[in-house]
Amino acid sequence: MNWNEYVEYTHQLLTTDPPPPPYDNPDYHHYTKMNETRMKRWVKTNPVTAETAAVVKAISQPQKWVVITEPWCGDAAHIVPILYLMSSLNDKISFELQLRDSGSEIDRYLTNGSKSIPILIVRDEEGKDLFHWGPRPKEGQEMYLDLAAKKADFEVVKNAIQTYYNADKSLSTQKEIVALLKSLPVLK
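Report on the accompanying structure.

What counts, and at which threshold
- Residues numbered from 1 in each chain as written.
- Predicted model: local features only at pLDDT ≥ 70, side-chain atom pairs only at ≥ 80, totals over all residues.
- Heavy atoms only, no water.
- Pairing = 2+ DSSP bridges.
- Helix = DSSP H or I, 4+ residues; strand = E, 2+ residues; numbered from the N terminus.
- Axes fitted to C-alpha atoms, helices over the stretch in contact; angles between N-to-C directions.
- Contact = heavy atoms within 4.5 Å.
- Salt bridge = Lys/Arg side-chain N within 4 Å of Asp/Glu carboxyl O.
- Buried < 20%, exposed > 50% of the residue type's maximum accessible area, 1.4 Å probe, protein only.

### Section: the sheet that holds strand S1 (residues 63-69)
Adjacent strands of a sheet pair through backbone hydrogen bonds, lying either parallel or antiparallel.
Inference 1: Strand order in the open sheet formed by four strands is S2-S1-S3-S4, with mixed pairing between adjacent strands. The open sheet has two edge strands, strand S2 (93-99) and strand S4 (129-133), and neither has a second partner. Ignoring strand direction, the axes of neighbouring strands in this sheet form an average angle of 15°.
Inference 2: Contacting S1 and S2, helix H1 (residues 3-15) crosses the sheet at an angle of about 25° to S2.

Structural data, given as structure tokens:
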């Protein structure tokens, strides 16, 4: 699906009565409602930096950006809108979203054996993977793994990651993807 379809799909999950599984679980419904608000805020504030914009606009060969995600995913609420905003800066980039739990390619892009999301896959015009990235910036991933190793309570982990994203303002996501884009032979 494209970005607008994903936003509409997310909204429909919140307004359908009764919601489909797993959104019939009050926790999933609550997370998705928060995530819808976060996605709208990121798009509205559009924190894409001038450096990020310059690198994305310099892409001269067609690319397909595939993002594997789910509306309930807190990390995705902070990352997917940034990926969308970046991709919208260059008409050579097509942007597609796949739902992890509905026939996506996630099994090819596992993180330490798990189906962690979001995952960005950047492909050339022949469909060859140029790189993939995710499920979160390195600093956020290290924080998550440290908390998981300490067997921290889910609420503690959730709040720490949320605080990280708010403080980071998407800069780490942008910097890491810009570095990967700059490493491509086409942009060297």
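From this point, the discussion proceeds with the structure in view.
### Some remarks on the pattern of salt bridges
Inference 1: The tally for this structure, following the rule as stated, stands at eleven salt bridges.
Inference 2: The partner of Glu51 in a salt bridge is Lys182, and the shortest N-O contact between them spans 3.1 Å. Residue Glu51 is located in helix H3 (residues 50-57), and its partner Lys182 is located in helix H7 (residues 171-183); the two are separated by 131 residues in the primary sequence.
Inference 3: Judged by relative accessible area, Glu51 falls into the partly exposed class, the value being 45%.
Inference 4: Note on Lys182: relative accessible area 42%, which makes it partly exposed.
Inference 5: Close ionic contact of Arg123 with Glu105 constitutes a salt bridge, the shortest N to O distance being 2.5 Å. Within this pair, whereas Arg123 is found in strand S3 (residues 119-124), its partner Glu105 is found in the loop between S2 and S3, the two being separated by 18 residues in sequence.
Inference 6: When salt bridges that share partners are traced, they join Glu105, Arg108, Arg123 and Asp129 into one network.

### Some thoughts on unusual backbone geometry
Inference 1: The amide bond that connects Asp17 to the next residue, Pro18, takes the cis arrangement and shows omega of 0°.
Inference 2: Structurally, Pro18 can be placed in the loop between H1 and helix H2 (26-45).
Inference 3: Pro22 follows Pro21 through a cis peptide bond whose omega is 0°.
Inference 4: With respect to the helices and strands, Pro22 occurs in the loop between H1 and H2.
Inference 5: Positive phi values are uncommon outside glycine, yet Asn46 reaches one of about 40°.
Inference 6: Along the chain, Asn46 turns up in the loop between H2 and H3.
Inference 7: Backbone geometry at Lys151 places phi at a positive 55°, although glycine is not the residue there.
Inference 8: Judged by its relative accessible area of 74%, Lys151 is exposed.

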